[in-house]
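Okay, here's what each chain looks like letter by letter:
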Amino acid sequence: MCRRKFRGKPRNAGLPHARHPLNIAEGSGKPRGSADRRKFYAIALGSAKECACAWTLLGLRGCVEEQEVGKARAILLRVVAMLSRMSA
């Protein structure tokens, strides 16, 4: 349960991991083929790559098991591939 109160958009709620789906959702609400839509997908792509790097660092520091890092990175690689095509 989230006990912290916030004002404004959910991305200001102290939930940095929420920005990925929020950018995808915001981009999908823009007209097809628009530069705005591609911009939000490109931002989400950068966030997904950042997340993959964070998982790698967590694994290297021993914070999570290598098996979990592998699972997370496999999912993120699929997300990166998807967003790469969507932001092109």
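Here's what I pulled together on the structure shown here. Everything numeric in this text was worked out from a predicted model, so none of it was measured.

Bringing the environment of Cys53 into the picture now. Inspection of the secondary structure assignment puts Cys53 in helix α2 (residues 35-60). Cys53 gets classed as partly exposed once you look at its relative accessible area, which sits at 42%. Distance in space between the C-alpha atoms of Cys53 and Arg73 is 8.8 Å, their sequence separation being 20 residues.

Summed over the entire model, instances satisfying the criterion amount to zero aromatic pairs. Over the face of the ring belonging to Phe40 we find Lys39, whose NZ or CZ atom lies 4.8 Å from the ring centre.

We now examine the pattern of salt bridges. All told, the structure shown has two salt bridges when counted by the stated rule. Note that Asp36 is salt-bridged to Lys39, the shortest N-O span being 3.8 Å. With Asp36 and Lys39 both in helix α2 and three residues apart, this pair spans about one turn of that helix. For Asp36, a relative accessible area of 33% translates into the label partly exposed. For Lys39, a relative accessible area of 42% corresponds to the partly exposed category. The residue Glu68 makes a salt bridge to Lys71 at a minimum N-O spacing of 3.7 Å. Residue Glu68 and its partner Lys71 are both found in helix α3 (residues 66-87); the two are separated by three residues, about one turn of the helix. Classification of Glu68 as partly exposed rests on a relative accessible area of 37%.

Rules used throughout
Residues numbered from 1 in each chain as written. Predicted model: local features only at pLDDT ≥ 70, side-chain atom pairs only at ≥ 80, totals over all residues. Heavy atoms only, no water. Helix = DSSP H or I, 4+ residues; strand = E, 2+ residues; numbered from the N terminus. Buried < 20%, exposed > 50% of the residue type's maximum accessible area, 1.4 Å probe, protein only. Phe/Tyr/Trp six-rings, centres within 6.5 Å; stacked < 30°, edge-to-face > 60°. Lys NZ or Arg CZ within 6 Å of the ring centre and 35° of its normal. Salt bridge = Lys/Arg side-chain N within 4 Å of Asp/Glu carboxyl O.

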